[in-house]
Amino acid sequence: MIELLQLPFMQRAVIAALLVGLCAPLVGTFIVQRRLALLGDGIGHVALTGVALGFLTGTAPVLTAVLVSVVGAVAIELVRARGRTSGDVALALLFYGGIAGGVMLISIAPGGSNAKLTSYLFGAIASVTAEDLWVIGALAVAVIAVVAVFGRELFVLCQDEEVAKASGLPVRFLSLLIAVTAALTVVIAMRVVGLLLVSALMVIPVATSQQFTRGFRATMLLSMVFGVVAAVGGLLSSTFSAKVPPGAAIVLLALAGFVLALGVGRFVRRGRTQESNP
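The structure reproduced in this document is the subject of the present report. (Residues numbered from 1 in each chain as written. Predicted model: local features only at pLDDT ≥ 70, side-chain atom pairs only at ≥ 80, totals over all residues. Heavy atoms only, no water.)

Considering the layout of surface pockets
Vacant regions in the atomic arrangement are exposed by a probe of water-molecule size rolled over the atoms.
And step 1. In this structure, the largest pocket encloses a volume near 370 Å³.
And step 2. Considering the residues around the largest pocket, the lining is formed by 13 residues, among which Gly151, Arg152, Phe216, Arg217 and Met220 are closest to the centre.
And step 3. Broken down by element, the lining of the largest pocket gets its largest block of residues, six residues, from helix α7 (residues 130-159).
And step 4. Counted by class, the lining of the largest pocket contains ten nonpolar, one polar and two charged residues. (1 Å grid on protein atoms, 1.4 Å probe; cavity = no way out; pocket = protein on both sides within 12 Å on 5 of 7 lines; lining within 4 Å. Points joined across faces, edges and corners; volume = space filled by probe spheres on them. Helix = DSSP H or I, 4+ residues; strand = E, 2+ residues; numbered from the N terminus. Nonpolar A, V, L, I, M, F, W, Y, C, P; charged D, E, K, R; others polar.)

In structure tokens, the structure reads:
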């Protein structure tokens, strides 16, 4: 294991997993609080169109995925806010349109094939290049900076949108900011866990931390810890067997942590109830 970690590609993979493990639950806390847990899935499918567009135009798929996913995230937030259709219908439109657009564009790209999309659909962390890592790092810094600057306002919005409006906060801007930040997080994570599994890493660590915490800040911090453990632990565990995809290992480890936390959380709450009612 030590010898493997000395290899450049593995070092890049660990750094990428660490960044994803931090950013995905960080943004996921706000998304879960707003009851938009499937937003990451919808944006992930739109990002697939961006990846295919990169192959079609001969540009970096990660950069085109950023542009297309941000546009998609803004579109769904505007549709949801105007009330012309429900949030779940808007998400469904992203699901189907994103997949169809990605498959169509990759089919007409020079030398394109659906096989090229596989590494983005299910992740290919071992193939992360130095250029990919720089882009992932820059996007991670942007996501953390947004939460650091607007964290208090975003918290108020996620708790109660009406209270946020009454407090004079720019609700529309903050809602779009959450959507755009989620889009950046999806692109950060797509090379690690894949576009089809990215939402799991945004939601599961948050649900796990909620078994132990009650405050918003405590939930966010603990979910980031669980996210890092799942991302890095899943990556390292997948190295023991070449047949285990890192993305699947990461998500399954996160799920195992949730199941364990669910049992421990119930045991702790039952103990507290017995102490309060002797």
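There's plenty left to go through after this.
Comments concerning empty space enclosed by the protein
And step 1. Across all of its chains, the model carries two cavities of 30 Å³ or more by this definition.
And step 2. Every residue lining the second largest cavity is listed: Val27, Phe30, Val146, Val147, Leu154, Leu177, Ile178 and Thr181.
And step 3. Of all the elements in the fold, those that place two or more residues in the lining of the second largest cavity are α2 (8-33), α7 and α9 (171-190).
And step 4. For the lining of the second largest cavity, the residue count by class is seven nonpolar, one polar and no charged.

Structural notes on the pattern of salt bridges
And step 1. Across all of its chains, the model carries one salt bridge by this definition.
And step 2. When the shortest N-O distance is used, the salt bridge between Glu161 and Arg34 registers 2.8 Å. Residue Glu161 is located in helix α8 (residues 161-166), and its partner Arg34 is located in the loop between α2 and α3 (39-57); the two are separated by 127 residues in the primary sequence. (Salt bridge = Lys/Arg side-chain N within 4 Å of Asp/Glu carboxyl O.)

Quick look at the nonpolar core
And step 1. Counting 70 residues, the largest nonpolar core has Ile31, Ile188, Met190 and Met202 as the members making the most contacts within it.
And step 2. Sequence-distant contacts of Met202, defined by excluding residues within four places in its chain, comprise Ala24, Pro25, Val27, Gly28, Ile31, Gly40, Ala182, Thr185 and Val186. (Core = buried A, V, L, I, M, F, W, Y, C linked by side-chain atoms within 4.5 Å. Buried < 20%, exposed > 50% of the residue type's maximum accessible area, 1.4 Å probe, protein only. Contact = heavy atoms within 4.5 Å.)

Notes on the environment of Thr239
And step 1. With respect to the element layout, Thr239 can be found in the loop between α11 (216-238) and α12 (246-276).
And step 2. Separated by 229 residues in sequence, Thr239 and Met10 place their C-alpha atoms 9.6 Å apart.

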